[in-house]
Amino acid sequence: MSYVVTWWKGETRQSVARKDEESAQKVAVNLRARSDACADKSLVPIRMMSQDVHDRMQALVKAQNNTRCKHGLLRWCVKCLSSVS
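Everything in this summary refers to the structure shown in the same document.

How each quantity is defined
- Residues numbered from 1 in each chain as written.
- Predicted model: local features only at pLDDT ≥ 70, side-chain atom pairs only at ≥ 80, totals over all residues.
- Heavy atoms only, no water.
- Helix = DSSP H or I, 4+ residues; strand = E, 2+ residues; numbered from the N terminus.
- Polar contact = N/O pair within 3.5 Å; in protein donor to acceptor, adjacent residues only side chain to side chain.
- Contact = heavy atoms within 4.5 Å.
- Pairing = 2+ DSSP bridges.
- Axes fitted to C-alpha atoms, helices over the stretch in contact; angles between N-to-C directions.

### Here's the deal with the side chain of S50
Residue position: S50 is located in strand β3 (residues 47–50). Polar contacts involving the side chain of S50 include one to the side chain of D52, which spans 2.4 Å. Contact partners of S50, with chain neighbours within four places excluded, come to M1, S2 and Y3.

### A closer look at the sheet that holds β3
Read across the open sheet, the 3 strands follow the order β2-β1-β3; overall the sheet is antiparallel. Two strands in the sheet have a free side with no partner beyond their single neighbour: β2 (12–18) and β3. Within the sheet, the average angular offset between the axes of one strand and its neighbour, ignoring direction, is 25 degrees. In this sheet, β2 lies alongside strand β1 (residues 3–9) in antiparallel orientation, the contact comprising 7 bridges. Following the sheet pairing, T6 is matched in β2 by S15. Packing of helix α1 (residues 21–37) onto the sheet brings it into contact with β1, β2 and β3, and relative to β1 it is tilted by some 15 degrees. Contacts from helix α2 (residues 51–62) reach β1, β2 and β3, with the element oriented near 105 degrees to β3.

Here is the structure:
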């Protein structure tokens, strides 16, 4: 299963795809370490998700759907999108 790691760099959303969870975790850990080292250039939120959740998230962005998840913190929560089949 493919995984995607997303983060923000300034006003631009960045992402990278990896073929397995382990390599995606390594990318996320590396990004978090870089973010912690440079507080003025924070890369958070750094999120790791499966490719299908990322595709659902991108479809919502493309449709300009501003629905908030049940947690109300983000427009699209990885946990909420993961539970939708």
